[in-house]
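Spelled out, the chains give:
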Amino acid sequence: MAEIKDTITVHLNVEMTTRSLETIVENVKKKVGRDKNGVYRVDTADSVSKMVSRFLLEKDFEGYVKKTD
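Residues numbered from 1 in each chain as written. Predicted model: local features only at pLDDT ≥ 70, side-chain atom pairs only at ≥ 80, totals over all residues. Heavy atoms only, no water.

Can you break down unusual backbone geometry residue by residue, with the values?
Its identity is not glycine, yet D60 carries a phi of approximately 60 degrees, on the positive side. The residue D60 is located in the loop between α2 (44-58) and α3 (61-66) in this model. Under the relative-accessibility criterion, D60 is labelled partly exposed at 42%. (Helix = DSSP H or I, 4+ residues; strand = E, 2+ residues; numbered from the N terminus. Buried < 20%, exposed > 50% of the residue type's maximum accessible area, 1.4 Å probe, protein only.)

Which residues make up a nonpolar patch on the surface, and what values do they have?
A grouping of I8, V10, L12, V14, M16 and L21 is seen on the molecular surface, where their side chains present a nonpolar patch of about 580 Å² in accessible area. For M16, the position within the fold is in the segment before α1 (18-32). Residue M16 is classed as partly exposed on the basis of its relative accessible area, which comes to 31%. (Patch = residues over 30% accessible without salt bridge, like charges linked within 9 Å, V, L, I, M, F, W, Y side chains within 5 Å. Areas by Shrake-Rupley, 256 points an atom, 1.4 Å probe, with all protein chains shown as cover. Salt bridge = Lys/Arg side-chain N within 4 Å of Asp/Glu carboxyl O.)

I'd like a description of α2, backed by residues and values.
Given a rise of 1.5 Å per residue, 15 residues ought to cover 21 Å, and the 21 Å separating the end C-alpha atoms of α2 matches this to within 8%. At the N-terminal boundary of α2, the capping side chain belongs to D43, with an oxygen 3.1 Å from the backbone nitrogen of A45. Note on α2: the residue one or two positions beyond its end, D60, has a positive phi of about 60 degrees. (Expected span 1.5 Å × (residues − 1). Polar contact = N/O pair within 3.5 Å; in protein donor to acceptor, adjacent residues only side chain to side chain.)

Just geometry here; none of it tells us what the structure is for.
Here it is, written out as structure tokens:
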């Protein structure tokens with residue numbers, strides 16, 4: 001079972017490659033598809049937020065920031 005973590009939402013700017021952002025947008029569009037008018041109805045910024053948050057939890061960001069060097 002996954003460990004429950006005490007988290008908080010922090011709004012900030014994150015620097016990433018343009019290709020990373022393009023890939024996120026492409027994948028999210030594939031996942032949700034177009035509506036009946038041919039428009040994608042998805043908040044790509046929210047998708048980026050979820051992906052970065054998941055990455056930080058899975059890659060032990062908490063352990064990383066505890067290192068003082």
